[in-house]
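Structural description and commentary
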Amino acid sequence: MEEIKKVSVIIPNYNYARYLKKRIKVIEKQTYPIYELIVLDDCSSDNSRQVIEKMAKKYPIRTIFNEKNSGCVFKQWKKGIEAAEGDYIWIAEADDQADKHLLENLIAKFSDSEVVLSYCDSMQINEHGKVIRKSCSDLADELGDGRYEQDYVNSGEDELSNYLVIKNYIYNASGVVFKKDDYSKVLDDCAKFKLAGDWYFYTQIAKKGKIAYVAKPLNKHRIHTNSVTKTTKKQLHYDEVVRIQEEIMNEYSISDSVLKQIEEQREKLKQVLGL
């Protein structure tokens, strides 16, 4: 029988009191046992702290409360990862939801010891929990070759030089589990991004080993009408995308066909942003 892997689940929260109770319950009902649950609150102005304290009486939860708002989710990620005692990390954003089999499916991919990150397809839900997109696989599939319609395991180098250099196809952090490591410097660098910090984070993990994908929409990420994605300055959005692409291009050999896709992606983004 395979040994149970120690998974630390981290919930970074800011003003999502209305979602916390259900979020914690779903995590506790995962079919794969979690090693620990850490809930961080970034000095919320709603009643998040009271909800967390109440839930901590029902479930074994470690709490970390900020007395001053950090203003950056990656600072919370860093704090949670440094506090974690498990060998694998699932950052489960407070406002998202998940199928009860999510962790079971993602952890199974780590049977390959070289896998450092495992992620799954994702649904989109609105503020009221209604599904507004059943899968993000079509958004990820720039080539239209059905790559994201089936599970895969691939080298980090190939993922970086053929896919992550074009765009961030990992649509939501809550659908990702990764091996714990010292990511202090990486997360400090992530904090310098306004929009693409998560993409940058995945590129740095991919340098350490293989990436695995589960072609089931087991994650449900919530789309808010006033999200950072919608309000960030358009030029800044574009510049951050180019910055990450250029960094990968400078480090890896990129084929002519992929370079063409990068240019096409930039032009497409300009049109979407109205630049």
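Our subject is the structure listed above.
Residues numbered from 1 in each chain as written. Predicted model: local features only at pLDDT ≥ 70, side-chain atom pairs only at ≥ 80, totals over all residues. Heavy atoms only, no water.

1. A few points about the overall build of the protein
Applied cut-off: Each helix corresponds to a stretch of at least 4 residues labelled H or I by DSSP, and each strand to a stretch of at least 2 residues labelled E; elements are numbered beginning at the N terminus. Our radius of gyration looks at C-alpha atoms and nothing else; its globule reference is 2.2 Å times the residue count to the power 0.38. For the exposure calls, accessible area comes from a 1.4 Å probe over protein chains only, and a residue counts as buried if that area is under 20% of its type's maximum, exposed if over 50%, partly exposed in between. Contacts are assigned to residue pairs with any non-hydrogen atoms lying within 4.5 Å of each other.
Counting secondary structure elements, the protein contains 11 helices and 10 strands. Taken over C-alpha atoms, the radius of gyration comes to 18 Å for the protein, in line with the 19 Å a tight globule of 275 residues would show. Sorting the 275 residues of the protein into buried and exposed places 53% on the buried side. A sequence separation of at least 24 residues applies to 80% of the contacts in the protein between residues at least 6 apart.

2. So, unusual backbone geometry
If you check the backbone angles, Asn-15 has positive phi at about 60° while not being a glycine. Of note, Asn-15 is situated in the loop between strand 1 (7–13) and helix 1 (17–28). One non-glycine residue with positive phi stands out, namely Cys-43, at about 55°. Looking at the element boundaries, Cys-43 is found in the loop between strand 2 (36–41) and helix 2 (48–55). Since its relative accessible area comes to 30%, Cys-43 is described here as partly exposed.

3. Some words on the side chain of Arg-147
What counts, and what does not: Pairs of N or O atoms within 3.5 Å make up the polar contacts considered here, provided that, within protein, one atom can donate a hydrogen while the other can accept it, and that residues adjacent in sequence are counted only when both atoms are side-chain atoms.
Looking at where Arg-147 falls in the secondary structure, it is placed in the loop between helix 5 (137–140) and strand 8 (152–155). Polar side-chain contacts of Arg-147 include one of 2.8 Å to the side chain of Tyr-148. Side chain to side chain, Arg-147 and Tyr-152 meet in a polar contact 3.3 Å long. Excluding anything up to four places from it in sequence, Arg-147 contacts Asp-141, Tyr-152, Asn-154, Glu-159 and Tyr-163.

4. Let's talk about helix 1
Condition: One fewer than the residue count of a helix, multiplied by 1.5 Å, yields its expected span. In this context, the arc is that of the directions from the helix axis out to the C-beta atoms.
With 12 residues, helix 1 ought to run about 16 Å at 1.5 Å a step, and its terminal C-alpha atoms sit 17 Å apart, in line with that. For helix 1, every residue scored as buried is listed here: Ala-17, Tyr-19, Leu-20, Arg-23, Ile-24, Val-26 and Ile-27. Projected onto a plane normal to the axis of helix 1, the buried residues spread over an arc of 160° and lie on a single side. Facing away from the buried side of helix 1 by more than 90 degrees, the exposed set consists of Arg-18 and Lys-22.

5. A closer look at the environment of Ala-84
Of note, Ala-84 is situated in the loop between helix 3 (73–83) and strand 4 (88–91). You can call Ala-84 buried: its relative accessible area is 4%. When the C-alpha atoms of Ala-84 and Arg-62 are compared, they prove to be 9.7 Å apart, with 22 residues separating the residues in sequence. Aside from chain neighbours lying at most four places away, what touches Ala-84 is Ser-8, Glu-36, Ile-38, Arg-62, Ile-89 and Lys-180.

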